[in-house]
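What the coordinates show
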Amino acid sequence: FRQTIKMKRLFTTTNAFVASCLVLLNPLSVASADDTSFLSGADIFEDATPGVVYITTFADIQDEQTGKIYKHIPFGAGTGFIWDDEGHVVTNYHVMEDAVDAMITITSRPEANVTEDGSLYGELVKKEYNCTLVGLDPGMDIAVLKIVSEDILALGLHPLPRATLKESRVGDPAYAIGNPFGLDHSMSAGIVSGMKREEPAPSGRPIENVVQTDATINPGNSGGPLMNGRGQVIGINYLGMFSGKGGGGVGFAIPIDAAEGIVATLMEKGEVLRPGLNLTFVEENDTRSMGIMKGLLVLTVHSKELKEAGLKGTKVKSSTVYLGSVILGVEGEKVNSLEEILSVYNKLEIGQKIELTVGKLAKKKSPFESPKFETSNVTVTVTGIIG
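Here is a short report on the structure shown in this document. Starting afresh in each chain, residues are numbered from 1 along the sequence in its written order. pLDDT decides what is reported in this predicted model: residues at 70 or higher carry local features, side-chain atom pairs at 80 or more are listed and counted, and totals for whole chains, interfaces and linings draw on all residues regardless. Water and hydrogen atoms play no part in the side-chain values, which are based on all heavy atoms of the structure.

This brings us to the overall build of the protein. Looking only at helices and strands, the protein has six helices and 23 strands in total. Areas reported here follow the Shrake-Rupley algorithm with a probe of radius 1.4 Å; residue values treat only the protein chains shown as occluding. A total of about 19,900 Å² of accessible surface is found on the protein, and carbon and sulfur atoms cover 51% of it. Strands here mean DSSP runs of E at least two residues long; helices mean DSSP runs of H or I at least four residues long; both are numbered from the N terminus.

Not every positive phi belongs to a glycine, and His-72 is a case in point at roughly 50 degrees. We call a residue buried when its accessible area falls under 20% of the maximum for its residue type, exposed when it is over 50%, and partly exposed in between, using a 1.4 Å probe and counting protein chains only. The exposure class of His-72 is partly exposed, given its relative accessible area of 39%. Even without being a glycine, Lys-196 presents a positive backbone phi close to 60 degrees.

In any sheet, the strands associate via hydrogen bonds between backbone groups, in a parallel or an antiparallel arrangement. A pair of strands is labelled paired if DSSP reports no fewer than 2 bridges between them. Judged by pairing direction, the barrel is antiparallel, and its six strands sit side by side in the order β8-β9-β10-β13-β12-β11 before closing back on the first. Averaged over all neighbouring strand pairs, the angle between strand axes comes to 50 degrees, with direction disregarded. One ladder, built from three bridges, connects strand β8 (residues 173-178) with strand β11 (residues 225-228); its direction is antiparallel. From the neighbouring strand, Tyr-175 faces β11, where its bridge partner is Met-227. Between N-to-C directions, angles span 0 to 180 degrees; the directions come from axes that are lines fitted to C-alpha atoms, helices contributing only their stretch in contact.

Quick look at the pattern of salt bridges now. In what follows, salt bridge is the name for a side-chain nitrogen of Lys or Arg lying within 4 Å of a carboxyl oxygen of Asp or Glu. Tallying each qualifying case throughout the model produces six salt bridges. With a shortest N-O distance of 3.6 Å, Asp-60 and Lys-71 are connected by a salt bridge. Placement of the pair is Asp-60 in strand β2 (residues 52-62) and Lys-71 in strand β3 (residues 69-82), with a sequence separation of 11 residues. With its nearest N and O atoms 2.7 Å apart, the salt bridge here joins Asp-137 to Arg-274. One end of the pair, Asp-137, is in strand β6 (residues 125-137); the other, Arg-274, is in strand β14 (residues 273-276), with 137 residues separating them in the sequence. Residue Asp-137 shares its accessibility class with Arg-274, and that shared class is buried.

Time to look at the pairing of β6. As defined by bridge partners, strand β5 (residues 101-108) adjoins β6 across six bridges and the pair is classed as antiparallel. The residue bridging Thr-107 from the neighbouring strand is Lys-126, located in β6. Where β6 folds back onto strand β7 (residues 142-147) in an antiparallel hairpin, the turn is made up of four residues, including Asp-141, whose phi is positive at roughly 55 degrees.

Our focus in this paragraph is a negative patch on the surface. Excluding any residue in a salt bridge, patches collect residues exceeding 30% relative accessible area, merging like charges within 9 Å and nonpolar Val, Leu, Ile, Met, Phe, Trp and Tyr side chains within 5 Å. Positive charges are assigned to Lys and Arg, negative charges to Asp and Glu, while His and the chain termini are left out of the count. Taken as the charge centre is NZ of Lys, CZ of Arg, CG of Asp or CD of Glu, depending on the residue. A grouping of Glu-283, Glu-284, Asp-286, Glu-339 and Glu-340 is seen on the molecular surface, where their side chains present a negatively charged patch. With respect to the secondary-structure elements, Glu-283 resides in the loop between β15 (279-281) and α4 (284-289). For Glu-283, a relative accessible area of 59% gives the class exposed.

This part covers helix α1 (residues 41-48). Within the sequence span of α1, burial applies to Gly-41, Ile-44 and Ala-48. Looking straight down α1, one finds its buried side chains confined to an arc of 65 degrees; they lie on one side. Residue contacts are defined here by distance: any two heavy atoms, one from each residue, within 4.5 Å place the two residues in contact. Next to the buried residues of α1 lie β2, β8, β9 (186-200) and β11. The arc in question is the one traced by the directions running from the helix axis out to the C-beta atoms.

This part covers the nonpolar core. By size, the foremost hydrophobic cluster in this structure holds 29 residues, and its most contacted members are Val-90, Ile-142 and Ile-236. Among the nonpolar cores identified, the runner-up in size contains 23 residues, and Leu-277, Val-298, Tyr-345 and Ile-385 belong to it. The nonpolar core is taken to be a set of buried Ala, Val, Leu, Ile, Met, Phe, Trp, Tyr and Cys residues, with the residues joined through side-chain atoms within 4.5 Å.

Spelled out as structure tokens, the structure:
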């Protein structure tokens, strides 16, 4: 999965929002009595339960004081859902980030506990399974796992049905099922409160057409399904925002339409390559603190072509900082933040020749002089990058 990581204190803060981890009935989310196109929240929850999994992640953790490495320590928890009969499970990238291993728990009722009319009864049964990592995509915050089993079909898995977002409208019912704060198989209810939002992925790249909902999404809900009123998945929950002043919050889900292609690519190749440049940049706040008020200061150049084009990274030698190149524009568009350059990347094609506006810092005549640039345009090739 991933390499050894530094010791972190893991905790969650229980607050008033915990109450919303249970089934919340928002008056706006309840379909009218004569609307037969929507199922009840209870029916959706019961049908989806065996298809929603609890994910426990493990990590190798290093004690920063002693340097000792503790192997396979429980690290975090999240939610996922069964994608297909072959045992693929979809969750968020940030659930699996830094993990070296994971285990999933499936909750269901024995088939014998079903009445003639199809209703369920009896105690839930939980079964744990080891899984392998199929692929990660930090650019869309998606990860794919696969259940380890000698006979996967014999498990009788319950893949959740999926729908296109074209069938959803603002105001339609929405249900988030997951494991908030470790409370397994909880549901929150609301509506689709917005469409076509744009929110950042862990890589910083913007995710487009994000679904907004007022169904509560708390820590632990990450990777779980956002379902419509017909019990179909319309998004992958990945972000919740709260006012912190006693007011309500909003949640965001990765659109299932976009996720379909990403999941297929991860199953085939294990990674997703997107157009970009093999450069890393100094944090924006650090760049501005050095008096560079525009552009992106290059930290590392990973490409031979870019080095031959004259781009240089920032280095530190004997406590002295040697500033690298500054990217001022891409294809005529000014870029002053990571978000802006990633947005430009989205418009490019792998293999395309593009023009960069590059700034080289001129020597200062005095230590109190603001940085000045000697600018030039260079032509480089867009490559495929992860993220």
